[in-house]
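Given next are the chains, with one letter for each unit.
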Amino acid sequence: RPFAIGKFEVTFDEWQACHDDGGCTVKPDDHKWGRGRRPVVNITFANTGEYLRWITNKTGHSYRLPTEAEWEYAARAGTATAYSWGDEVGMDNANCRTCAPEISHQTFPVGSYKPNPFGLYDVHGNVWEWVEDCWNPNHKGAPVDGSARLSGDCRYRVTRSGSWYYVSTNVRSAYRAKYIAKAYSYGIGFRLLRELP
């Protein structure tokens, strides 16, 4: 099914608008890195639902988290390589532990690196991104229509993208990880998906 997906990860500024309007109950910690255009972190899987309901009500459009399949399709942007720019991580293509001569020790403002061929920023590194799917160790038995896999260990949700803290193998388009849905982390944020008619 057709969908639109955010060019950027949701930022602290965008989250603050939701908080100020009463839609988002938590005010996440930024670890003294700064807020503004940095991706919002320290939000649980459930917290993302507050933002999604708020923006859906504000705009009249249907927003949700991407499924794992939708996320990878968007991140790959028609490529079949390890990263959207090729098979070698290179230097200064993303924010991760081994993506630059020195580790950043923090998130960067969204859009600090070149976009992928679909025009999406930070699909490799910066922060992990929550997706809708429950955790399963592999894709055996996964839906073939791109929908979310809501069976398995739903105490954990799938995260994609890797983050500033992890090495380059974790920011590959195909790499997937799990994180406990109720936990907060300075390395996890999210990206919006808008359903299209």
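Residues numbered from 1 in each chain as written. Predicted model: local features only at pLDDT ≥ 70, side-chain atom pairs only at ≥ 80, totals over all residues. Heavy atoms only, no water.

As for the sheet that holds strand β1 (residues 3-5)
Piece 1. A sheet is described by the order of its strands in space; here three strands give the open sequence β1-β7-β2, paired in antiparallel fashion. A single partner strand is all that each edge strand has here, and the edge strands are β1 and β2 (63-64).
Piece 2. Sheet analysis places β1 next to strand β7 (residues 193-195), joined by three bridges and oriented antiparallel. Paired with Ile5 across the two strands is Leu193, which belongs to β7. (Pairing = 2+ DSSP bridges. Helix = DSSP H or I, 4+ residues; strand = E, 2+ residues; numbered from the N terminus.)

Digging into the layout of surface pockets
Piece 1. By volume, the largest pocket is sized at about 200 Å³.
Piece 2. Forming the boundary of the largest pocket are 17 residues, of which Glu68, Ala69, His139, Ala142 and Pro143 lie nearest the centre.
Piece 3. For the lining of the largest pocket, the secondary structure elements donating two or more residues are α3 (68-76) and β3 (128-135).
Piece 4. The element best represented in the lining of the largest pocket is α3, accounting for three residues. (1 Å grid on protein atoms, 1.4 Å probe; cavity = no way out; pocket = protein on both sides within 12 Å on 5 of 7 lines; lining within 4 Å. Points joined across faces, edges and corners; volume = space filled by probe spheres on them.)

None of the figures reported here should be taken as evidence of function without further support.
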